[in-house]
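# Structural description and commentary
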Amino acid sequence: MKRRNFINTAAIATATTAGLAACGQASETQTSSGSASGDLPRIRWRMATSWPQSLDTIYGGATTVCDRVREMTGGRFDITPSPAGEIVGGLEVMDTVETGAVECGHTAGYYYIGKNPALAFATSVPFGLTAQQQNAWLYHGGGLDALHKIYADFNIINFPAGNTGAQMGGWFKNEIKGLDDLKGLNMRIPGLGGKVMAKLGVNAQSLPGGEIFLALERGAIDATEWVGPYDDEKLGLYKAAKFYYYPGWWEPGPTLETQVNLKEWEKLPKEYQVIFQAAAKEANLNMLAQYDALNQAALIRLQKEHGVQLKAYSPDILAAGKEAAAELYAESASSDATFKEIYEPWQQFRDQVAKWNSINELSFSSFVSGG
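Below or above, wherever it landed, is the structure these notes cover. The structure presented is a predicted model; accordingly, all values stated were derived computationally and were not measured.

### Quick notes on the overall build of the protein chain
Helix and strand counts for the protein chain stand at 12 helices and 11 strands. Among the 371 residues that make up the protein chain, the fraction classed as buried is 54%. Considering only contacts in the protein chain between residues 6 or more positions apart, those separated by 24 or more positions represent 77%. Accessible surface, the protein chain as shown: approximately 15800 Å² in total, 52% of it carbon and sulfur.

The following block contains the structure:
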């Protein structure tokens, strides 16, 4: 499908400022399109999500978008979020947005790699980008434009709307001392991380967040990854498994996103498009800040109050995972032109930004942490 031109970041900032001012003034105030702000239509949308409402931080990415859009339009553009299972299952959001059964969704692109493997880059890939690097790639490294091109084939436009930061490496019923202990395990792990784990001998499965605890408790799976201490504590995963591993090398900076039906998007007044994108950017920033503020306290509780054993992945697992990831990327790029088109410039960006961050971020963090 032909690539569409979307509003650039500078235009978003400028028009959003104007839109905010217009919302607080009298109805005769002129908008950027020349129409009176009071003439803008009243629009009601629904947003399907992949998250249970009990997970206030990740589900909060959806509510932030909806709340801000409503506030910045004086209630004229109203979006109602729904938790996973209320409209559709947590892994069916993209299908529902694509058909237009709902106008938008809040989900993770890597849930849908069966549609196009390159959608993994919309979220995170093993040994990929940190949250800060991911945002740099999406907003200023051509990433979002590349993803827009892919999503357009599914009648969707996407916008980053949350990031968890580097995740934990998952919960295991039994201790994992080395690579051999992974073989034959049934583990909930989606995206390309699941494919890499499969190369290491794991039976990888994809389950929505609301189904993980029961699957782990009842023995349908032996291990699972989710997000990090704050969300994992809320899901009660410590009740079903006591070994908690780090780092989550398959998700070093996963982006959550809003997916919008492209036909519905194109019907919106420009003012509403600008406001929606600004709200998504706020959600993207706010979620990451919340997780960084909440996770350490939750990790301490898990260890002190719930007897969780914190464990680091062994060097052989990390080395084998990195090698398997490189093999997977090479195989996918050789067999899938779309994957290659996004992977090769992404790889160049990753190498460049990693070198820079090794000088500024890593050296500083290593010193202050005593490393």
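### Examining the nonpolar core
Core analysis: the largest hydrophobic core is formed by 81 residues, its most contacted members being Trp137, Phe172, Leu182, Met197 and Trp226. With residues near it in sequence (within four places) discarded, Trp137 still touches Phe121, Leu129, Gly142, Gly143, Leu144, Leu147, Ile342, Trp346 and Phe349.

### As for the environment of Leu262
Position of Leu262 among the secondary structure elements: in helix 9 (residues 262–267). Leu262 sits in the buried class, given a relative accessible area of 3%. Spatially, the C-alpha atom of Leu262 lies 9.9 Å from that of Asp153, the residues being 109 residues apart in sequence.

### Some words on the environment of Glu341
Secondary-structure assignment places Glu341 in helix 12 (residues 337–368). As for Glu341 and Ala118, which are separated by 223 residues in sequence, their C-alpha atoms are 9.0 Å apart.

### Comments concerning the packing of helix 2 (residues 58–72) against helix 10 (residues 270–306)
Helix-helix packing: each pair is described by the crossing angle between the helix axes and the interaxial distance. At a closest axis distance of 8 Å, the pairing of helix 2 and helix 10 adopts a crossing angle of 145°. Where helix 2 crosses over helix 10, the two elements pack in a sense that is right-handed. Residues Ile58, Gly61, Thr64, Val65, Arg68, Val69 and Met72 of helix 2 touch helix 10, and the partners they reach there are Ile275, Phe276, Ala278, Ala279, Ala280, Glu282, Ala283, Asn286, Met287 and Tyr291. The residue makeup of the contact of helix 2 with helix 10, split by class, is 12 nonpolar, 3 polar and 2 charged.

### Section: the pattern of salt bridges
Opposite charge on two side chains permits them to pair, given that their charged atoms come into close proximity. Here the structure, examined in full by the defined rule, presents 15 salt bridges. We note a salt bridge from Glu264 to Lys267, for which the minimum N-O separation is 3.3 Å. Placement of both Glu264 and Lys267 in helix 9 is noted, with a separation of 3 residues, approximately one turn of the helix. On the accessibility criterion, Glu264 (22% relative accessible area) is partly exposed.

### Some points on the pairing of strand 4 (residues 156–163)
Among the 8 residues of strand 4, 8 are classified as buried, and the element is accordingly described as predominantly covered. Two elements, strand 4 and strand 10 (residues 255–261), share 6 bridges in a ladder whose sense is antiparallel. Along strand 10, the bridge assignment pairs Ile157 with Val260.

### As for the sheet that holds strand 3 (residues 104–107)
Backbone-to-backbone hydrogen bonds pair the strands of a sheet. The strands run either parallel or antiparallel. Across the sheet, which stays open at both edges, the 5 strands sit in the order 2-1-3-10-4 with mixed pairing between neighbours. Edge strands, defined here as strands with exactly one partner in the open sheet, are strand 2 (77–82) and strand 4. Averaged over all pairs of adjacent strands, the angle between their axes in this sheet comes to 25°, without regard to strand direction. Where strand 1 (residues 43–49) lies against strand 2, 6 bridges are found, and the strand directions are parallel. Pairing of Arg44 across the sheet is with Asp78, part of strand 2. Sheet contacts for helix 2: strand 1, strand 2, strand 3, strand 4 and strand 10; angle to strand 2, the most-contacted strand, approximately 165°. The sheet contacts of helix 4 (residues 131–140) involve strand 4 and strand 10, and relative to strand 4 the element is tilted by about 155°.

How each quantity is defined
Residues numbered from 1 in each chain as written. Predicted model: local features only at pLDDT ≥ 70, side-chain atom pairs only at ≥ 80, totals over all residues. Heavy atoms only, no water. Helix = DSSP H or I, 4+ residues; strand = E, 2+ residues; numbered from the N terminus. Buried < 20%, exposed > 50% of the residue type's maximum accessible area, 1.4 Å probe, protein only. Contact = heavy atoms within 4.5 Å. Areas by Shrake-Rupley, 256 points an atom, 1.4 Å probe, with all protein chains shown as cover. Core = buried A, V, L, I, M, F, W, Y, C linked by side-chain atoms within 4.5 Å. Axes fitted to C-alpha atoms, helices over the stretch in contact; angles between N-to-C directions. Left-handed = near helix turned anticlockwise from the far one by under 90°. Nonpolar A, V, L, I, M, F, W, Y, C, P; charged D, E, K, R; others polar. Salt bridge = Lys/Arg side-chain N within 4 Å of Asp/Glu carboxyl O. Pairing = 2+ DSSP bridges.

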